[in-house]
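Structural overview
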Amino acid sequence: MRIGVCPGSFDPVTNGHLDIFSRASKMFDLLIVAVFHNPNKTPLFTMQERVEMLNQATKDIPNIKVDSFSGLLNDYVRRQNSTFIVRGLRALSDFEYEFQRALLIKKIDPAMETIFMMTSSEYSFISSSGIKELAKFGGTISGLVPECLEEKIIKRIREKS
Ligand code: ADP
């Protein structure tokens, strides 16, 4: 069975992420979307909330499983019986960080392959941080995040600001 892992913060999940998930799910028997616990970041949504939101957003894609992890990514991917990491790429600004990270992972685990999927043009400008900023100042986020999560995201951002 071919298994891919799509790691990220997903704070919150956006339509840009979903586009990558649905395209990547066609390349694997199972795609694991894994929320990374980053001790250096204070997220808007708890780990459990992000997992729930991802479950809701991906419920129509049968070969996706949502999970969470902390620690080294390649150790986690190995534990899932996979050697494939899927990441999305937007602008050139994503490239430098992703390039360095993919090489670092390969250095410690040469069998690990990071696969980059180019964003679809209609989602290229969408980021979790952009969504948060937009909602904070009262802008509409409809069409940018899964419809079923819009209200929850707006409510949380208003509560926090
Ligand atoms: P991280 O904190 O690990 O960068 P993110 O949740 O911000 O996690 O992003 C997870 C992955 O999704 C990254 O590979 C990122 O480049 C990709 N991504 C985010 N937004 C988009 C988008 N609009 N189109 C394509 N890929 C995206």
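For the protein chain, an unreviewed UniProt entry supplies the name Phosphopantetheine adenylyltransferase and the organism Sporomusa malonica. As recorded by UniProt, the Function (unreviewed entry) comment attached to the protein chain reads in full: "Reversibly transfers an adenylyl group from ATP to 4'-phosphopantetheine, yielding dephospho-CoA (dPCoA) and pyrophosphate." The record held by UniProt for the protein chain lists under Pathway (unreviewed entry) the comment "Cofactor biosynthesis; coenzyme A biosynthesis; CoA from (R)-pantothenate: step 4/5."

1. Considerations on the packing of helix α5 (residues 128–136) against helix α6 (residues 150–160)
At a closest axis distance of 9 Å, the pairing of α5 and α6 adopts a crossing angle of 70°. Here α5 is positioned roughly perpendicular relative to α6, judged by the angle of their axes. Between α5 and α6 the crossing geometry is right-handed. For the pair formed by α5 and α6, the contact residues are Ile 131, Lys 132, Ala 135 and Lys 136 on the first element and Ile 153, Ile 157 and Arg 158 on the second. For the contact of α5 with α6, a count of residues per class yields 4 nonpolar, no polar and 3 charged.

2. Here we look at the UniProt feature "binding site: substrate" (unreviewed entry) in the protein chain
Here the UniProt feature "binding site: substrate" (unreviewed entry) sits at Ser 9, Lys 41, Leu 73 and Arg 87. Restricting the annotated residues just mentioned to those that line the largest cavity leaves Leu 73 and Arg 87. With respect to the helices and strands, Ser 9 occurs in the loop between β1 (3–8) and α1 (15–25). Accessibility expressed as a relative area gives 26% for Ser 9, which makes it partly exposed. Among all residues touching Ser 9, those that are not within four sequence positions of it are Val 35, Lys 41 and Arg 50. By the element assignment, Arg 87 lies in strand β4 (residues 84–89). Since its relative accessible area comes to 13%, Arg 87 is described here as buried. Beyond its immediate sequence surroundings of up to four residues, Arg 87 is in contact with Pro 7, Gly 8, Tyr 97, Glu 98, Arg 101, Thr 114, Ile 115, Phe 116 and Met 117. A polar contact is formed between the side chain of Arg 87 and the side chain of Glu 98, at a distance of 2.7 Å.

3. Here's the deal with the layout of surface pockets
When its volume is computed, the largest pocket comes out at roughly 1200 Å³. Residue lining of the largest pocket: 43 residues in total, with Gly 8, Ser 9, Lys 41, Arg 87 and Glu 98 positioned closest to the centre. Those elements that provide at least two residues to the lining of the largest pocket are β1, α1, α3 (73–79), β4, α4 (92–108) and α5. Among the elements that take part in the lining of the largest pocket, α4 stands out by supplying 7 residues, more than any other. Tallied by class, the residues present in the lining of the largest pocket amount to 19 nonpolar, 15 polar and 9 charged.

4. So, helix α2 (residues 47–57)
One turn of the α-helix equals 3.6 residues, which is why residues spaced by three or four share an orientation. Residues of α2 that are buried include every one of Glu 49, Arg 50, Val 51, Met 53, Leu 54 and Ala 57, and no others. Buried positions along α2 lie against α1, β2 (30–36), β3 (64–69) and α6.

5. Details of the site of the ligand
Around the ligand, a shell composed of 16 residues is seen, among which Ser 9, Phe 10, Gly 88, Tyr 123 and Ile 126 lie nearest. Gly 88 places a polar main-chain atom, nitrogen or oxygen, 2.7 Å from an oxygen atom of the ligand. Contacts to the ligand include Thr 119, whose side-chain N or O atom sits 3.0 Å from a nitrogen atom. In the complex, the protein chains occlude 89% of the 560 Å² of accessible area that the ligand would expose alone. Placement of the ligand is best described as lying within the largest pocket. Listing elements by their share of the shell around the ligand, those giving two or more residues are β1, α1, β4 and α4. Among the elements that take part in the shell around the ligand, α1 stands out by supplying 3 residues, more than any other. Here the residues of the shell around the ligand are counted per class, giving 5 nonpolar, 6 polar and 5 charged.

Conventions adopted
- Residues numbered from 1 in each chain as written.
- Predicted model: local features only at pLDDT ≥ 70, side-chain atom pairs only at ≥ 80, totals over all residues.
- Heavy atoms only, no water.
- UniProt positions renumbered as here; feature names shortened; annotations may be inferred.
- Axes fitted to C-alpha atoms, helices over the stretch in contact; angles between N-to-C directions.
- Helix = DSSP H or I, 4+ residues; strand = E, 2+ residues; numbered from the N terminus.
- Parallel < 35°, antiparallel > 145°, perpendicular 65-115°, else oblique.
- Left-handed = near helix turned anticlockwise from the far one by under 90°.
- Contact = heavy atoms within 4.5 Å.
- Nonpolar A, V, L, I, M, F, W, Y, C, P; charged D, E, K, R; others polar.
- 1 Å grid on protein atoms, 1.4 Å probe; cavity = no way out; pocket = protein on both sides within 12 Å on 5 of 7 lines; lining within 4 Å.
- Buried < 20%, exposed > 50% of the residue type's maximum accessible area, 1.4 Å probe, protein only.
- Polar contact = N/O pair within 3.5 Å; in protein donor to acceptor, adjacent residues only side chain to side chain.
- Points joined across faces, edges and corners; volume = space filled by probe spheres on them.
- Near = heavy atom within 4 Å.
- Areas by Shrake-Rupley, 256 points an atom, 1.4 Å probe, with all protein chains shown as cover.
- Sits in = over half its atoms within 2 Å of the grid points.

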